[in-house]
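Each chain, letter by letter, is given below.
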Amino acid sequence: MNTSYYQRHIFFCLNQRDNGQACCADQSAAAGFEHCKMRVKTEGLAGPGQVRVNKAGCLDRCAGAPVAVVYPEAVWYTFVDNHDIDEIIDSHLKKGQIVERLRLPDDVGH
């Protein structure tokens, strides 16, 4: 049986646009990434068989900035602050329960 090296990945878009268009970098995406990375380590969720927190370039969902996506479930999130990140960690990354209130609507794109 082939199993994934990590149970889940969470990718945070950290893209910075210089043309004035909406982008995740302008919406404190880096702070959300750093908070998530720290909490995942503190909670003992980091490492093989568990969770990997990754930086990403543009994920092309700029209108919902800031955004993150959790795989393998392919669930897209938007977030406002560390409380939202904590809820994603506590519900989705720990228990596999999607946080519906933070889910990015399918029609939100570039």
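Look up a bit, the structure's there.
Keep in mind that what you see is a predicted model, and the values were worked out from it rather than measured. (Residues numbered from 1 in each chain as written. Predicted model: local features only at pLDDT ≥ 70, side-chain atom pairs only at ≥ 80, totals over all residues. Heavy atoms only, no water.)

Let's talk about the overall build of the chain
Moving on, step 1. Along the backbone of the chain there are 2 helices and 4 strands.
Moving on, step 2. Relative to the compact-globule value of 13 Å for 110 residues, the chain shows a C-alpha radius of gyration of 13 Å, a close match.
Moving on, step 3. C-alpha atoms of the chain, sized along the principal axes, occupy 45 × 25 × 25 Å.
Moving on, step 4. Of all 110 residues assigned to the chain, the portion counted as buried reaches 40%. (Helix = DSSP H or I, 4+ residues; strand = E, 2+ residues; numbered from the N terminus. Rg over C-alpha atoms; globule rule 2.2 N^0.38 Å. Buried < 20%, exposed > 50% of the residue type's maximum accessible area, 1.4 Å probe, protein only.)

Quick notes on the pairing of strand E3 (residues 67-71)
Moving on, step 1. Most of E3 is tucked away: 4 of the 5 residues are buried.
Moving on, step 2. In terms of strand pairing, strand E1 (residues 8-13) meets E3 through 4 bridges, oriented antiparallel. Opposite Phe-11, over in E3, you have Val-69 as the bridge partner.
Moving on, step 3. Between E3 and the antiparallel strand that follows it, strand E4 (residues 75-78), lie 3 residues; Ala-74 among them carries a positive phi value of about 60 degrees. (Pairing = 2+ DSSP bridges.)

Structural notes on the environment of Ile-89
Moving on, step 1. When you line up the elements, Ile-89 lands in helix H2 (residues 82-95).
Moving on, step 2. Between the alpha carbons of Ile-89 and Val-99 there is a distance of 9.6 Å; along the sequence they are 10 residues apart.
Moving on, step 3. Once residues within four sequence positions are removed from consideration, Ile-89 is found in contact with Cys-36, Arg-39, Val-40, Leu-45 and Lys-94. (Contact = heavy atoms within 4.5 Å.)

Considerations on the nonpolar core
Moving on, step 1. Core analysis: the biggest nonpolar cluster contains 19 residues, and Ile-10, Phe-12, Cys-36, Val-40, Val-53 and Leu-93 have the highest contact counts within it.
Moving on, step 2. Every element with two or more residues in this core is listed here: E1, helix H1 (29-42), strand E2 (51-56), E3, E4 and H2.
Moving on, step 3. For this core, the element with the most residues is H2, which contributes 4 residues.
Moving on, step 4. If sequence neighbours within four positions are ignored, Val-53 has contacts with Ile-10, Phe-12, Phe-33, Cys-36, Lys-37 and Val-40.
Moving on, step 5. If you look at the next biggest cluster of nonpolar residues, it comprises 8 residues, including Cys-13, Ala-29, Val-67 and Val-108. (Core = buried A, V, L, I, M, F, W, Y, C linked by side-chain atoms within 4.5 Å.)

Let's talk about the pattern of salt bridges
Moving on, step 1. Evaluation of the coordinates by the stated rule reveals 9 salt bridges.
Moving on, step 2. For Glu-43, the salt bridge is made with Arg-39, and the minimal N-O distance between the two is 3.2 Å.
Moving on, step 3. Arg-101 is the salt-bridge partner of Glu-87, the closest N and O atoms lying 2.8 Å from each other. On the criterion of sequence distance, the pair formed by Glu-87 in helix H2 and Arg-101 in the segment after H2 is long-range, its members being 14 residues apart.
Moving on, step 4. A single salt-bridge network, built from bridges that share partners, covers Arg-39, Glu-43, Asp-86, Asp-90 and Lys-94. (Salt bridge = Lys/Arg side-chain N within 4 Å of Asp/Glu carboxyl O.)

Considering the state of the cysteines
Moving on, step 1. Per the counting criterion, the structure on display carries 0 disulfides.
Moving on, step 2. Among the cysteines around Cys-58, which has no disulfide bond, Cys-62 carries the closest sulfur, lying 4.0 Å off.
Moving on, step 3. Taking the relative accessible area as the measure of exposure, Cys-58 reaches 36% and is therefore partly exposed. (Disulfide = S-S within 2.5 Å.)

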